[in-house]
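In case you want the letters, here they are:
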Amino acid sequence: MALVESKLQIGAASHREVIPAGEPWMGTVKRGQYFRILDLEGNQAVDTLFYRADTIEERYSATDTIRAQGNIYLTTGTALLSNDCNTMLTITADTCGRHDTLGGACSAESNTVRYALEKRHMHSCRDNFLVALARWGARYGRDFGKRDLASNINFFMNVPVMPQGQLRFADGISSAGRYVEMRAEMDVTVLISNCPQLNNPCNAYNPTPVEVMVWEG
Ligand SMILES: [Zn+2]
């Protein structure tokens, strides 16, 4: 896989914000702006959903994105498509080289099925998404929840597909300082769960903070 560095300078970013380990984050990126996610300490999974900023009905679609590019991995050049087949963002730089959109987000339910019943109380990405969606909806007097969840992207997560089609949740290949950057092709609301998972190697069993940055186009 070819790694592509960005020409954007950190000092020129118009917004920088650290997302603490295990926490949700929501923000808006305007059309033409560049949005970067920086893996500060390495091997952190950044579960991400994108919505059209002015309507939650249009959202990132994993199946349309995979079909359009004929490849299951996301990297530089990938157009992230919506369920209406509009390009929401285009990945413009990637120094990690591997991002998953098949593995889904961890949840209390999947933790009990995959690991043990005693894991049910543990914090999960699905809980993070639902909390952030509820806060978003409250701003508009609307009830955003489970029906507004879609298949997500797991930035920096390594889920190779084996020759017979099996998915493997493998050790990460990201490291401190690696990043993925994308240009917004429409105004998008970004919803991130900085994965709190402690049971699989997606974040090296050690959730760590990441940083998001925005540049004007
Ligand atoms: Zn997770």
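Residues numbered from 1 in each chain as written. Predicted model: local features only at pLDDT ≥ 70, side-chain atom pairs only at ≥ 80, totals over all residues. Heavy atoms only, no water.

Caption draft 1: Representation of the sheet that holds strand 11 (residues 210–215) in the model. One open sheet holds the six strands; their spatial order is 1-11-3-9-7-6, and the pairing between them is antiparallel. Of all the strands in the sheet, just strand 1 (15–19) and strand 6 (79–81) have a single pairing partner and so form its edges. The average undirected angle you get between the axes of adjacent strands in this sheet is 25 degrees. Of the strand pairs in this sheet, strand 1 and strand 11 are connected by five bridges, and their pairing is antiparallel. The partner of His 15 across the bridge, within strand 11, is Val 214. (Pairing = 2+ DSSP bridges. Helix = DSSP H or I, 4+ residues; strand = E, 2+ residues; numbered from the N terminus. Axes fitted to C-alpha atoms, helices over the stretch in contact; angles between N-to-C directions.)

Caption draft 2: Highlighting the coordination of the zinc ion. Looking at the zinc ion, the protein donor atoms are Cys 106 (SG), Cys 125 (SG) and Cys 195 (SG), and they sit 2.2 Å from it. Sequence spacing among the residues donating to the zinc ion works out to C-x18-C-x69-C. Of this pair, Cys 106 sits in the loop between strand 7 (87–94) and helix 2 (108–114) while Cys 195 sits in the loop between strand 10 (188–194) and strand 11; the two residues are 89 residues apart in sequence, bridging distant segments of the chain. (Donors = N, O, S within 2.8 Å, 3.2 Å for Na, K, Ca; no water.)

Caption draft 3: Region of the structure containing helix 3 (residues 125–139). Helix length check: helix 3, at 15 residues, gives a terminal C-alpha distance of 22 Å against a target of 21 Å (1.5 Å per residue), a fit within 8%. Regarding helix 3, the residues found buried are Cys 125, Asn 128, Phe 129, Ala 132, Leu 133, Trp 136 and Gly 137. Buried residues along helix 3 cover an arc of 160 degrees about the axis, so they all sit on one side. Of the exposed residues in helix 3, the ones pointing more than 90 degrees away from its buried face are Arg 135 and Ala 138. Lining the buried residues of helix 3 we find strand 2 (24–29), strand 4 (46–52), strand 5 (55–59) and strand 10. (Expected span 1.5 Å × (residues − 1). Buried < 20%, exposed > 50% of the residue type's maximum accessible area, 1.4 Å probe, protein only. Arc of directions from axis to C-beta. Contact = heavy atoms within 4.5 Å.)

Caption draft 4: Region of interest: the packing of aromatic side chains. Counted according to the given criterion, the structure contains three aromatic pairs. Arranged with centres 5.4 Å apart and planes meeting at 65 degrees, the rings of Tyr 51 and Trp 136 form a pair that is edge-to-face. In this pair, Tyr 51 sits in strand 4 while Trp 136 sits in helix 3, placing the two residues 85 residues apart along the sequence. Exposure class is identical for Tyr 51 and Trp 136. Each is buried. Arranged with centres 5.3 Å apart and planes meeting at 75 degrees, the rings of Trp 136 and Phe 144 form a pair that is edge-to-face. With a relative accessible area of 4%, Trp 136 lands in the buried category. An aromatic cluster of at least three residues, connected via ring pairs, comprises Tyr 51, Trp 136 and Phe 144. Cation over ring: Arg 36 sits above Tyr 179, and NZ or CZ is 4.1 Å from the ring centre. (Phe/Tyr/Trp six-rings, centres within 6.5 Å; stacked < 30°, edge-to-face > 60°. Lys NZ or Arg CZ within 6 Å of the ring centre and 35° of its normal.)

Caption draft 5: Structural context of the environment of Arg 59. Relative to the elements of secondary structure, Arg 59 occurs in strand 5. Taking the relative accessible area as the measure of exposure, Arg 59 reaches 12% and is therefore buried. In this structure the C-alpha to C-alpha distance between Arg 59 and Ser 82, which are 23 residues apart in sequence, comes to 5.1 Å. Setting aside its immediate chain neighbours within four residues, Arg 59 contacts Phe 50, Tyr 51, Leu 81, Ser 82, Asn 83, Met 88, Arg 147, Asp 148, Leu 149 and Ala 150. A polar side-chain atom of Arg 59 sits 3.2 Å from the main-chain carbonyl oxygen of Arg 147. Side-chain polar atoms of Arg 59 contact the side chain of Asp 148, separated by 3.3 Å. (Polar contact = N/O pair within 3.5 Å; in protein donor to acceptor, adjacent residues only side chain to side chain.)

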